[in-house]
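Chain by chain, the residues run as shown.
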Amino acid sequence: LGTSDVIDAVRNIALFVGWGTSVALTSRPPATWRTIVAATLTGCLASLSVELLQTFSTYRVASIVDVATNTLGALVGATTLVLAERRMRSDVR
């Protein structure tokens, strides 16, 4: 792996953190582990769709690493939001 691969992976994770956070924010409260699973699965499916389309492009290269880092980003985003919500709810009580 080169420097550009690491930068690409970090960029993919950061991009899909937003995906996971958005799914968690728009789910029914309170957010639970199901919210995390839904965000992770939808992030993975979105990434798989894009990578599948890239197999038909002469300008782009499909990569399973992109799918993995995008899925990880969605997981991180949703998990962070769910844990923050739980922390805030416990502080209120």
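Use the structure listed above.
Cut-offs and rules
- Residues numbered from 1 in each chain as written.
- Predicted model: local features only at pLDDT ≥ 70, side-chain atom pairs only at ≥ 80, totals over all residues.
- Heavy atoms only, no water.
- Helix = DSSP H or I, 4+ residues; strand = E, 2+ residues; numbered from the N terminus.
- Expected span 1.5 Å × (residues − 1).
- Buried < 20%, exposed > 50% of the residue type's maximum accessible area, 1.4 Å probe, protein only.
- Arc of directions from axis to C-beta.
- Patch = residues over 30% accessible without salt bridge, like charges linked within 9 Å, V, L, I, M, F, W, Y side chains within 5 Å.
- Areas by Shrake-Rupley, 256 points an atom, 1.4 Å probe, with all protein chains shown as cover.
- Salt bridge = Lys/Arg side-chain N within 4 Å of Asp/Glu carboxyl O.
- Axes fitted to C-alpha atoms, helices over the stretch in contact; angles between N-to-C directions.
- Parallel < 35°, antiparallel > 145°, perpendicular 65-115°, else oblique.
- Left-handed = near helix turned anticlockwise from the far one by under 90°.
- Contact = heavy atoms within 4.5 Å.
- Core = buried A, V, L, I, M, F, W, Y, C linked by side-chain atoms within 4.5 Å.
- Polar contact = N/O pair within 3.5 Å; in protein donor to acceptor, adjacent residues only side chain to side chain.
- Phe/Tyr/Trp six-rings, centres within 6.5 Å; stacked < 30°, edge-to-face > 60°.

*Asks:* Go over helix α2 (residues 33-54), please, and point to the residues and values.
*Replies:* Because an α-helix completes one turn every 3.6 residues, residues spaced three or four positions apart along the sequence face the same direction. Spanning 22 residues, α2 covers 32 Å between terminal C-alpha atoms, matching the ideal 32 Å at 1.5 Å per step. Along α2, the residues that are buried comprise T35, I36, A39, T40, G43, A46, S47, E51 and Q54. Here the buried residues of α2 occupy an arc of 135° about the axis, which is enough to place them on one side. Of the exposed residues in α2, the ones pointing more than 90 degrees away from its buried face are R34, L41, L45, L52 and L53.

*Asks:* An account of a nonpolar patch on the surface is requested, with residue identities and associated values reported.
*Replies:* A grouping of L1, V6 and V10 is seen on the molecular surface, where their side chains present a nonpolar patch of about 360 Å² in accessible area. Inspection of the secondary structure assignment puts V6 in helix α1 (residues 3-25). On the accessibility criterion, V6 (45% relative accessible area) is partly exposed.

*Asks:* Explain the packing of α1 against α2 to me, and be specific about the residues and the numbers.
*Replies:* Two elements in contact, α1 and α2, have axes separated by 9 Å at closest approach and are oriented at 135°. Comparing their axes, α2 and α1 come out oblique. Pair α1 / α2 crosses with right-handed handedness. Here F16, W19, G20, V23 and A24 of α1 come into contact with α2, specifically with T35, A38, A39, T42, G43, A46 and S47.

*Asks:* Go over the nonpolar core with me, naming the residues and quoting the values.
*Replies:* Counting residues in hydrophobic clusters, the biggest one holds seven residues: V23, A24, A31, I36, A39, A78 and V82. Those elements giving two or more residues to this core turn out to be α1, α2 and α3 (64-92). Aside from chain neighbours lying at most four places away, what touches I36 is L75, A78, T79 and V82.

*Asks:* A description of the environment of T26 should follow, citing residues and the corresponding values.
*Replies:* Locating T26 in the fold gives a position in the loop between α1 and α2. Under the relative-accessibility criterion, T26 is labelled exposed at 69%. Sequence separation of T26 and Q54 is 28 residues, and the distance between their C-alpha atoms is 29 Å. A distance of 2.9 Å separates a polar atom in the side chain of T26 from the backbone oxygen of S22. Within the local environment of T26, its side chain forms a polar contact with the backbone oxygen of V23, the two atoms lying 3.2 Å apart.

*Asks:* Explain the environment of G18 to me, and be specific about the residues and the numbers.
*Replies:* Structurally, G18 is set in helix α1. Distance from G18 to G77, taken between C-alpha atoms, is 6.3 Å for residues 59 residues apart in sequence.

*Asks:* Please provide a residue-by-residue account of the packing of aromatic side chains, values included.
*Replies:* For the coordinates displayed, the defined rule picks out one aromatic pair. Relative to W19, the ring of F16 has its centre 5.8 Å away and its plane inclined at 25°; by these criteria the two rings are stacked. Taken as a pair, F16 and W19 lie in helix α1 at a separation of three residues, close to a single helical turn.

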